[in-house]
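Letter by letter, the chains look like this.
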Amino acid sequence: MQYQNTCEFAQQLDEQDSLKTFRNKFLIPQHNGKDAIYLCGNSLGLQPVSAKRYIAEQLTNWEKLGVEGWFEGDDPWLSYHKKLTPILSDIVGANEKEVSVMNSLTVNLHFLLVSFYKPTTKRFKILMEGGAFPSDQYALESQVRFHGFDPKDAIIEIFPRSGEDTLRTEDILAAINENAGELALVLFSGINYYTGQFFDIEAITKAAHNVGVIAGFDLAHAAGNVPLKLHEWGVDFACWCSYKYMNSGPGGISGIFVHKKHFNEDHNRFAGWWGYRKDKQFLMAPGFDAEPGAEGWQVSTPPLMLMALHKASLDIFEEAGGLPALRMKSEMLTGYLEFLINEINLKKGKELFKIITPKEPSKRGSQLSMVCTGDAKGIFNYLSKNGVVGDWREPNVIRLSPVPLYNSFTDIFNAERVLAGSVENI
Ligand SMILES: *Cc1c(COP(=O)(O)O)cnc(C)c1O
(Lines give C-alpha, C1' and ligand atoms only; values in the text may rest on other atoms or scores of the structure.)
Protein backbone atom coordinates (compact mmCIF):
# COMPACT_ATOMS: atom_id res chain seq x y z
CA MET A 1 0.00 0.00 0.00
CA GLN A 2 1.26 3.44 -0.97
CA TYR A 3 0.43 5.62 2.05
CA GLN A 4 -0.01 9.38 1.90
CA ASN A 5 0.50 12.00 4.56
CA THR A 6 -2.81 13.80 4.12
CA CYS A 7 -6.05 13.98 6.01
CA GLU A 8 -8.00 13.22 2.83
CA PHE A 9 -6.09 10.00 2.35
CA ALA A 10 -6.84 8.89 5.92
CA GLN A 11 -10.50 9.75 5.50
CA GLN A 12 -10.63 7.80 2.26
CA LEU A 13 -9.22 4.71 3.99
CA ASP A 14 -11.84 5.14 6.70
CA GLU A 15 -14.62 5.26 4.15
CA GLN A 16 -13.41 2.05 2.54
CA ASP A 17 -12.99 0.32 5.90
CA SER A 18 -15.44 -2.57 6.21
CA LEU A 19 -15.02 -2.49 10.01
CA LYS A 20 -15.67 1.25 10.38
CA THR A 21 -19.01 0.87 12.19
CA PHE A 22 -17.40 -1.18 14.99
CA ARG A 23 -15.96 1.98 16.51
CA ASN A 24 -19.54 2.86 17.55
CA LYS A 25 -19.65 -0.27 19.66
CA PHE A 26 -17.04 1.17 22.01
CA LEU A 27 -16.97 4.05 24.49
CA ILE A 28 -14.09 6.33 23.53
CA PRO A 29 -12.58 8.34 26.43
CA GLN A 30 -13.04 12.09 25.98
CA HIS A 31 -10.43 14.81 25.84
CA ASN A 32 -11.56 18.45 25.85
CA GLY A 33 -15.01 17.41 24.67
CA LYS A 34 -13.74 15.29 21.77
CA ASP A 35 -12.83 11.64 21.31
CA ALA A 36 -9.33 11.05 22.59
CA ILE A 37 -6.94 9.37 20.17
CA TYR A 38 -6.76 6.15 22.09
CA LEU A 39 -3.71 4.11 21.08
CA CYS A 40 -3.42 2.12 24.26
CA GLY A 41 -5.40 -1.04 23.55
CA ASN A 42 -2.26 -3.05 24.30
CA SER A 43 -2.59 -1.98 27.92
CA LEU A 44 -6.33 -1.65 28.48
CA GLY A 45 -8.85 -2.20 25.70
CA LEU A 46 -11.89 0.10 25.60
CA GLN A 47 -15.28 -0.62 27.07
CA PRO A 48 -17.89 -2.08 24.73
CA VAL A 49 -21.12 -0.07 24.81
CA SER A 50 -22.89 -3.37 25.43
CA ALA A 51 -20.86 -4.16 28.57
CA LYS A 52 -23.34 -2.46 30.91
CA ARG A 53 -26.22 -4.44 29.42
CA TYR A 54 -24.40 -7.77 29.79
CA ILE A 55 -23.70 -6.99 33.43
CA ALA A 56 -27.23 -5.70 34.02
CA GLU A 57 -28.67 -8.96 32.65
CA GLN A 58 -26.72 -10.98 35.19
CA LEU A 59 -27.60 -8.59 38.01
CA THR A 60 -31.25 -9.09 37.06
CA ASN A 61 -30.80 -12.87 37.02
CA TRP A 62 -29.28 -12.64 40.47
CA GLU A 63 -32.12 -10.36 41.61
CA LYS A 64 -34.90 -12.59 40.26
CA LEU A 65 -33.43 -16.03 40.65
CA GLY A 66 -31.08 -15.84 43.62
CA VAL A 67 -29.17 -19.07 43.90
CA GLU A 68 -31.33 -20.67 41.21
CA GLY A 69 -29.40 -18.50 38.76
CA TRP A 70 -26.78 -21.24 38.72
CA PHE A 71 -29.25 -23.60 37.05
CA GLU A 72 -32.06 -21.46 35.60
CA GLY A 73 -32.69 -18.53 33.29
CA ASP A 74 -31.38 -18.01 29.76
CA ASP A 75 -27.74 -18.34 30.77
CA PRO A 76 -27.46 -20.65 33.78
CA TRP A 77 -24.26 -19.61 35.52
CA LEU A 78 -23.12 -23.19 35.93
CA SER A 79 -22.37 -23.46 32.24
CA TYR A 80 -21.88 -19.77 31.41
CA HIS A 81 -18.16 -20.30 30.73
CA LYS A 82 -19.09 -22.62 27.87
CA LYS A 83 -20.61 -19.68 26.03
CA LEU A 84 -17.19 -18.07 25.86
CA THR A 85 -15.09 -20.99 24.62
CA PRO A 86 -16.35 -21.27 21.02
CA ILE A 87 -15.33 -17.67 20.18
CA LEU A 88 -12.22 -17.76 22.32
CA SER A 89 -10.98 -21.03 20.84
CA ASP A 90 -11.42 -19.47 17.43
CA ILE A 91 -9.35 -16.44 18.46
CA VAL A 92 -6.43 -18.55 19.71
CA GLY A 93 -6.74 -21.34 17.14
CA ALA A 94 -7.69 -24.20 19.43
CA ASN A 95 -10.28 -26.92 19.84
CA GLU A 96 -13.02 -25.90 22.24
CA LYS A 97 -12.01 -28.48 24.81
CA GLU A 98 -8.48 -27.09 24.85
CA VAL A 99 -9.61 -23.71 26.16
CA SER A 100 -10.95 -22.66 29.52
CA VAL A 101 -11.68 -19.27 31.11
CA MET A 102 -10.66 -18.83 34.71
CA ASN A 103 -8.77 -16.64 37.20
CA SER A 104 -6.38 -13.97 36.05
CA LEU A 105 -3.22 -14.23 34.02
CA THR A 106 -0.33 -14.60 36.44
CA VAL A 107 -2.44 -16.90 38.59
CA ASN A 108 -3.03 -19.12 35.59
CA LEU A 109 0.63 -19.07 34.65
CA HIS A 110 1.37 -20.46 38.10
CA PHE A 111 -1.29 -23.14 37.85
CA LEU A 112 -0.01 -24.23 34.45
CA LEU A 113 3.58 -24.29 35.66
CA VAL A 114 2.52 -26.59 38.49
CA SER A 115 1.51 -29.07 35.80
CA PHE A 116 4.06 -28.40 33.08
CA TYR A 117 7.29 -27.40 34.80
CA LYS A 118 8.57 -30.75 35.96
CA PRO A 119 12.23 -30.27 36.75
CA THR A 120 14.60 -33.15 37.45
CA THR A 121 18.10 -32.83 38.90
CA LYS A 122 19.49 -32.95 35.37
CA ARG A 123 16.82 -31.09 33.43
CA PHE A 124 15.55 -28.20 35.49
CA LYS A 125 16.20 -25.08 33.45
CA ILE A 126 13.72 -22.69 31.86
CA LEU A 127 14.60 -20.78 28.72
CA MET A 128 12.83 -17.45 28.29
CA GLU A 129 13.20 -14.17 26.44
CA GLY A 130 15.30 -11.56 28.21
CA GLY A 131 13.24 -8.58 29.29
CA ALA A 132 10.00 -10.50 29.62
CA PHE A 133 7.09 -8.81 31.40
CA PRO A 134 8.10 -8.61 35.08
CA SER A 135 5.18 -10.66 36.36
CA ASP A 136 6.36 -13.59 34.26
CA GLN A 137 9.91 -13.18 35.57
CA TYR A 138 8.65 -13.20 39.16
CA ALA A 139 6.36 -16.15 38.53
CA LEU A 140 9.18 -18.20 37.03
CA GLU A 141 11.70 -17.26 39.71
CA SER A 142 9.30 -18.26 42.43
CA GLN A 143 8.37 -21.53 40.73
CA VAL A 144 12.03 -22.41 40.34
CA ARG A 145 12.61 -21.68 44.05
CA PHE A 146 9.54 -23.68 44.96
CA HIS A 147 11.27 -26.69 43.41
CA GLY A 148 14.45 -25.99 45.36
CA PHE A 149 16.53 -24.44 42.57
CA ASP A 150 18.28 -21.10 42.35
CA PRO A 151 16.86 -18.82 39.62
CA LYS A 152 20.45 -17.80 38.80
CA ASP A 153 21.16 -21.37 37.68
CA ALA A 154 17.74 -22.36 36.49
CA ILE A 155 16.58 -19.44 34.36
CA ILE A 156 18.26 -18.77 31.05
CA GLU A 157 17.31 -15.47 29.47
CA ILE A 158 18.24 -14.76 25.88
CA PHE A 159 18.75 -11.25 24.63
CA PRO A 160 19.05 -9.67 21.17
CA ARG A 161 22.53 -9.47 19.64
CA SER A 162 24.42 -6.35 20.50
CA GLY A 163 23.25 -3.43 18.40
CA GLU A 164 19.91 -5.14 17.70
CA ASP A 165 16.56 -4.53 19.35
CA THR A 166 14.77 -7.81 18.82
CA LEU A 167 15.61 -11.48 18.95
CA ARG A 168 16.43 -13.48 15.86
CA THR A 169 14.46 -16.71 15.59
CA GLU A 170 17.67 -18.55 14.64
CA ASP A 171 19.25 -17.42 17.94
CA ILE A 172 16.25 -18.63 19.95
CA LEU A 173 16.37 -22.01 18.24
CA ALA A 174 20.14 -22.24 18.72
CA ALA A 175 19.76 -21.48 22.44
CA ILE A 176 17.19 -24.26 22.76
CA ASN A 177 19.56 -26.72 21.10
CA GLU A 178 22.62 -25.61 23.07
CA ASN A 179 20.84 -26.06 26.39
CA ALA A 180 18.81 -29.08 25.37
CA GLY A 181 20.20 -31.50 27.95
CA GLU A 182 19.36 -29.22 30.87
CA LEU A 183 16.03 -27.72 29.85
CA ALA A 184 12.72 -28.60 31.44
CA LEU A 185 10.72 -25.85 29.77
CA VAL A 186 10.76 -23.14 27.13
CA LEU A 187 8.50 -20.29 28.14
CA PHE A 188 8.09 -17.31 25.86
CA SER A 189 5.62 -14.55 25.37
CA GLY A 190 3.76 -14.55 22.07
CA ILE A 191 4.48 -10.85 21.61
CA ASN A 192 7.08 -9.12 23.73
CA TYR A 193 5.37 -6.31 25.63
CA TYR A 194 8.27 -3.88 25.26
CA THR A 195 9.39 -4.25 21.67
CA GLY A 196 6.16 -5.59 20.17
CA GLN A 197 8.06 -8.47 18.54
CA PHE A 198 5.76 -11.34 17.54
CA PHE A 199 7.78 -14.50 18.06
CA ASP A 200 7.66 -17.47 15.74
CA ILE A 201 5.62 -19.61 18.12
CA GLU A 202 5.51 -22.57 15.78
CA ALA A 203 9.28 -22.67 15.21
CA ILE A 204 10.02 -22.28 18.94
CA THR A 205 7.56 -25.03 19.79
CA LYS A 206 9.04 -27.39 17.19
CA ALA A 207 12.59 -26.73 18.35
CA ALA A 208 11.61 -27.41 21.97
CA HIS A 209 9.82 -30.62 21.01
CA ASN A 210 12.78 -31.79 18.94
CA VAL A 211 14.82 -31.92 22.12
CA GLY A 212 12.00 -33.32 24.24
CA VAL A 213 11.13 -30.07 26.01
CA ILE A 214 7.70 -28.58 26.78
CA ALA A 215 6.84 -25.23 25.16
CA GLY A 216 4.48 -22.78 26.89
CA PHE A 217 3.48 -19.24 25.95
CA ASP A 218 2.16 -16.15 27.66
CA LEU A 219 -0.09 -14.59 25.05
CA ALA A 220 -1.07 -11.44 26.96
CA HIS A 221 -0.16 -9.20 24.01
CA ALA A 222 -0.97 -11.69 21.28
CA ALA A 223 -4.48 -12.96 22.05
CA GLY A 224 -7.04 -10.93 20.13
CA ASN A 225 -4.24 -9.09 18.36
CA VAL A 226 -2.65 -11.56 15.92
CA PRO A 227 -3.91 -14.80 14.38
CA LEU A 228 -2.86 -17.82 16.43
CA LYS A 229 -2.98 -21.55 15.72
CA LEU A 230 -2.10 -23.02 19.06
CA HIS A 231 -3.47 -26.47 18.32
CA GLU A 232 -1.92 -26.81 14.89
CA TRP A 233 1.43 -25.49 16.10
CA GLY A 234 1.45 -28.13 18.81
CA VAL A 235 1.93 -25.61 21.65
CA ASP A 236 1.77 -27.48 24.96
CA PHE A 237 0.10 -24.80 27.07
CA ALA A 238 -0.64 -21.08 27.03
CA CYS A 239 -2.40 -18.38 28.97
CA TRP A 240 -3.47 -14.79 28.31
CA CYS A 241 -5.44 -11.94 29.79
CA SER A 242 -8.65 -10.47 28.42
CA TYR A 243 -8.25 -6.81 29.33
CA LYS A 244 -5.68 -5.83 26.68
CA TYR A 245 -6.70 -6.55 23.09
CA MET A 246 -9.81 -8.39 24.24
CA ASN A 247 -11.46 -5.36 25.82
CA SER A 248 -12.99 -7.25 28.74
CA GLY A 249 -12.32 -4.75 31.50
CA PRO A 250 -9.56 -4.05 34.04
CA GLY A 251 -8.53 -7.25 35.78
CA GLY A 252 -10.82 -9.20 33.43
CA ILE A 253 -10.98 -12.97 33.48
CA SER A 254 -8.09 -14.83 31.90
CA GLY A 255 -7.99 -17.91 29.70
CA ILE A 256 -5.81 -20.98 29.32
CA PHE A 257 -4.97 -23.41 26.56
CA VAL A 258 -3.84 -26.96 27.13
CA HIS A 259 -3.12 -29.08 24.07
CA LYS A 260 -5.30 -32.15 23.66
CA LYS A 261 -2.24 -34.42 23.64
CA HIS A 262 -1.89 -33.74 27.37
CA PHE A 263 -5.47 -34.57 28.34
CA ASN A 264 -4.86 -38.17 29.29
CA GLU A 265 -1.73 -37.61 31.32
CA ASP A 266 -1.62 -37.73 35.06
CA HIS A 267 -0.91 -34.09 35.98
CA ASN A 268 0.28 -32.41 39.10
CA ARG A 269 -2.31 -29.76 39.82
CA PHE A 270 -3.31 -27.41 42.55
CA ALA A 271 -6.89 -28.55 42.30
CA GLY A 272 -10.24 -27.11 43.33
CA TRP A 273 -13.83 -28.26 43.05
CA TRP A 274 -14.51 -26.31 39.86
CA GLY A 275 -12.07 -28.53 37.95
CA TYR A 276 -13.79 -31.67 39.15
CA ARG A 277 -15.68 -33.88 36.68
CA LYS A 278 -18.75 -31.80 35.88
CA ASP A 279 -21.09 -34.78 35.89
CA LYS A 280 -20.16 -35.61 39.47
CA GLN A 281 -19.12 -32.25 40.91
CA PHE A 282 -22.07 -32.01 43.22
CA LEU A 283 -21.67 -35.48 44.70
CA MET A 284 -18.97 -33.77 46.77
CA ALA A 285 -17.02 -37.02 46.93
CA PRO A 286 -13.50 -37.28 48.35
CA GLY A 287 -10.56 -37.59 45.94
CA PHE A 288 -10.05 -35.17 43.04
CA ASP A 289 -11.18 -36.46 39.66
CA ALA A 290 -10.51 -33.90 36.91
CA GLU A 291 -12.93 -32.87 34.20
CA PRO A 292 -11.35 -33.96 30.91
CA GLY A 293 -9.83 -31.12 28.90
CA ALA A 294 -8.71 -27.63 29.82
CA GLU A 295 -11.67 -27.20 32.16
CA GLY A 296 -9.97 -29.67 34.48
CA TRP A 297 -7.61 -26.84 35.46
CA GLN A 298 -10.43 -24.65 36.79
CA VAL A 299 -10.20 -24.18 40.51
CA SER A 300 -12.79 -21.82 41.92
CA THR A 301 -16.34 -20.70 41.39
CA PRO A 302 -16.07 -18.42 38.35
CA PRO A 303 -16.56 -14.64 38.64
CA LEU A 304 -19.80 -14.33 36.71
CA MET A 305 -19.69 -10.57 36.20
CA LEU A 306 -16.21 -10.79 34.70
CA MET A 307 -17.37 -13.54 32.38
CA ALA A 308 -20.33 -11.37 31.32
CA LEU A 309 -17.92 -8.54 30.46
CA HIS A 310 -15.76 -10.97 28.52
CA LYS A 311 -18.80 -12.21 26.60
CA ALA A 312 -19.80 -8.66 25.67
CA SER A 313 -16.45 -8.21 24.00
CA LEU A 314 -16.12 -11.67 22.45
CA ASP A 315 -19.51 -11.27 20.79
CA ILE A 316 -18.11 -8.21 19.02
CA PHE A 317 -15.09 -10.21 17.84
CA GLU A 318 -17.47 -12.79 16.42
CA GLU A 319 -19.57 -10.17 14.68
CA ALA A 320 -16.44 -8.65 13.15
CA GLY A 321 -15.52 -12.00 11.61
CA GLY A 322 -12.72 -12.85 14.04
CA LEU A 323 -9.01 -12.37 13.63
CA PRO A 324 -8.60 -12.69 9.85
CA ALA A 325 -10.72 -9.57 9.20
CA LEU A 326 -9.22 -7.67 12.12
CA ARG A 327 -5.68 -8.57 11.19
CA MET A 328 -5.98 -7.09 7.71
CA LYS A 329 -7.02 -3.70 9.07
CA SER A 330 -4.52 -3.95 11.91
CA GLU A 331 -1.62 -4.37 9.49
CA MET A 332 -2.76 -1.33 7.54
CA LEU A 333 -3.24 0.86 10.61
CA THR A 334 0.15 -0.10 11.99
CA GLY A 335 1.77 0.31 8.59
CA TYR A 336 0.22 3.77 8.27
CA LEU A 337 1.43 4.82 11.70
CA GLU A 338 4.92 3.56 10.86
CA PHE A 339 4.90 5.49 7.57
CA LEU A 340 3.85 8.72 9.30
CA ILE A 341 6.44 8.41 12.07
CA ASN A 342 9.12 7.88 9.46
CA GLU A 343 7.83 10.97 7.63
CA ILE A 344 8.69 13.04 10.70
CA ASN A 345 12.16 11.52 10.80
CA LEU A 346 12.67 12.18 7.09
CA LYS A 347 11.53 15.76 7.34
CA LYS A 348 13.90 16.40 10.23
CA GLY A 349 16.75 14.56 8.56
CA LYS A 350 17.41 12.44 11.65
CA GLU A 351 15.84 9.50 13.40
CA LEU A 352 14.06 11.34 16.22
CA PHE A 353 11.76 8.38 16.73
CA LYS A 354 13.49 5.04 16.35
CA ILE A 355 10.95 2.27 15.92
CA ILE A 356 12.28 -0.87 17.61
CA THR A 357 9.33 -3.07 16.66
CA PRO A 358 10.14 -5.35 13.69
CA LYS A 359 9.35 -3.89 10.26
CA GLU A 360 7.89 -7.09 8.83
CA PRO A 361 4.14 -7.20 9.45
CA SER A 362 4.38 -10.95 10.15
CA LYS A 363 6.73 -10.25 13.08
CA ARG A 364 4.56 -7.76 14.90
CA GLY A 365 1.01 -7.11 15.98
CA SER A 366 -0.68 -3.74 16.19
CA GLN A 367 1.90 -2.12 18.44
CA LEU A 368 4.81 0.14 17.56
CA SER A 369 7.41 0.92 20.21
CA MET A 370 9.66 3.87 19.56
CA VAL A 371 12.76 5.09 21.31
CA CYS A 372 12.52 8.88 21.53
CA THR A 373 15.52 11.18 21.25
CA GLY A 374 15.84 14.19 23.51
CA ASP A 375 13.22 14.84 26.18
CA ALA A 376 11.34 11.58 25.76
CA LYS A 377 9.15 12.05 28.82
CA GLY A 378 8.36 15.59 27.67
CA ILE A 379 7.19 14.20 24.32
CA PHE A 380 5.01 11.66 26.06
CA ASN A 381 3.46 14.33 28.27
CA TYR A 382 2.86 16.50 25.20
CA LEU A 383 0.98 13.62 23.55
CA SER A 384 -1.17 13.14 26.66
CA LYS A 385 -1.90 16.85 26.97
CA ASN A 386 -3.05 16.87 23.36
CA GLY A 387 -5.37 13.92 23.63
CA VAL A 388 -3.15 11.11 22.35
CA VAL A 389 -3.25 8.19 24.77
CA GLY A 390 -0.22 5.95 24.38
CA ASP A 391 1.93 4.42 27.05
CA TRP A 392 5.29 5.03 28.52
CA ARG A 393 8.05 2.54 29.30
CA GLU A 394 11.22 3.52 31.05
CA PRO A 395 13.66 4.88 30.11
CA ASN A 396 12.62 6.43 26.78
CA VAL A 397 10.09 4.27 24.98
CA ILE A 398 6.58 5.24 23.88
CA ARG A 399 4.26 2.48 22.76
CA LEU A 400 1.36 3.22 20.42
CA SER A 401 -1.19 0.55 19.53
CA PRO A 402 -3.83 1.14 16.88
CA VAL A 403 -6.64 -1.33 17.46
CA PRO A 404 -8.69 -2.32 14.40
CA LEU A 405 -12.01 -2.61 16.26
CA TYR A 406 -12.12 1.02 17.34
CA ASN A 407 -9.27 3.04 15.81
CA SER A 408 -9.63 4.84 12.51
CA PHE A 409 -7.04 5.90 9.97
CA THR A 410 -7.95 9.47 10.87
CA ASP A 411 -6.92 8.67 14.45
CA ILE A 412 -3.52 7.69 13.13
CA PHE A 413 -3.23 10.81 11.01
CA ASN A 414 -4.20 13.03 13.95
CA ALA A 415 -1.78 11.24 16.26
CA GLU A 416 1.03 11.99 13.80
CA ARG A 417 0.06 15.66 13.73
CA VAL A 418 0.42 15.80 17.52
CA LEU A 419 3.69 13.87 17.46
CA ALA A 420 5.06 16.23 14.81
CA GLY A 421 3.89 19.12 17.02
CA SER A 422 5.83 17.70 19.94
CA VAL A 423 9.04 17.95 17.93
CA GLU A 424 8.43 21.65 17.34
CA ASN A 425 7.30 22.46 20.86
CA ILE A 426 9.44 20.40 23.23
C1 LIG B 1 -0.09 -7.70 30.99
C2 LIG B 1 0.79 -8.86 31.25
C3 LIG B 1 0.73 -9.53 32.49
C4 LIG B 1 -0.17 -9.07 33.60
O5 LIG B 1 -0.57 -10.15 34.38
P6 LIG B 1 -1.82 -10.04 35.36
O7 LIG B 1 -1.75 -11.28 36.13
O8 LIG B 1 -3.04 -9.89 34.52
O9 LIG B 1 -1.62 -8.82 36.20
C10 LIG B 1 1.55 -10.64 32.66
N11 LIG B 1 2.38 -11.07 31.68
C12 LIG B 1 2.46 -10.43 30.49
C13 LIG B 1 3.40 -10.94 29.45
C14 LIG B 1 1.69 -9.30 30.26
O15 LIG B 1 1.79 -8.66 29.10
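Computed from a prediction, not measured in an experiment: that's the story for all the values here.

*Asks:* Would you mind showing me how to read the site of the ligand here?
*Replies:* Neighbouring residues of the ligand: Leu105, Thr106, Phe133, Asp136, Asp218, Ala220, His221, Tyr243 and Lys244. Measuring from a nitrogen atom of the ligand, one finds a side-chain N or O atom of Asp218 at 3.1 Å. Within the side chain of His221, one N or O atom sits 3.0 Å away from an oxygen atom of the ligand. Expressed as a share of its isolated accessible area of 390 Å², the protein-covered part of the ligand is 84%. For the shell around the ligand, the residue count by class is 4 nonpolar, 2 polar and 3 charged.

*Asks:* Would you mind going over the pattern of salt bridges with me for this structure?
*Replies:* Note on pairing: side chains with opposite charge can pair once their charged atoms come close. Considering all chains together, one arrives at 26 salt bridges under this definition. A salt bridge links Arg327 to Glu331, with the shortest nitrogen-to-oxygen separation between them at 3.1 Å. Of the two residues, Arg327 and Glu331 are both situated in helix H11 (residues 322–348); the distance of 4 residues between them amounts to about one turn of the helix. Of the residues examined, Glu331 reaches a relative accessible area of 34% and is grouped as partly exposed. Within the structure, one salt-bridge network assembled from shared partners comprises Arg23, Asp35 and Asp411.

*Asks:* Please clarify how the pairing of strand E12 (residues 255–258) should be interpreted in this entry.
*Replies:* Within a regular beta strand, the side chains point alternately toward one face of the sheet and then the other, so they alternate between its two faces. Side chains Gly255 and Phe257 of E12 all project onto a buried face; the interleaved residues Ile256 and Val258 project onto the opposite face, where all are buried too. Pairing geometry for strand E6 (residues 99–101) and E12, over 3 bridges, is antiparallel. Within E12, the residue paired with Val101 across the bridge is Gly255. Across 4 bridges, strand E11 (residues 237–240) lies against E12 in antiparallel orientation. Bridging across to E12, Ala238 finds its partner in Phe257.

Quick notes on the rules
- Residues numbered from 1 in each chain as written.
- Predicted model: local features only at pLDDT ≥ 70, side-chain atom pairs only at ≥ 80, totals over all residues.
- Heavy atoms only, no water.
- Near = heavy atom within 4 Å.
- Polar contact = N/O pair within 3.5 Å; in protein donor to acceptor, adjacent residues only side chain to side chain.
- Areas by Shrake-Rupley, 256 points an atom, 1.4 Å probe, with all protein chains shown as cover.
- Nonpolar A, V, L, I, M, F, W, Y, C, P; charged D, E, K, R; others polar.
- Salt bridge = Lys/Arg side-chain N within 4 Å of Asp/Glu carboxyl O.
- Helix = DSSP H or I, 4+ residues; strand = E, 2+ residues; numbered from the N terminus.
- Buried < 20%, exposed > 50% of the residue type's maximum accessible area, 1.4 Å probe, protein only.
- Pairing = 2+ DSSP bridges.

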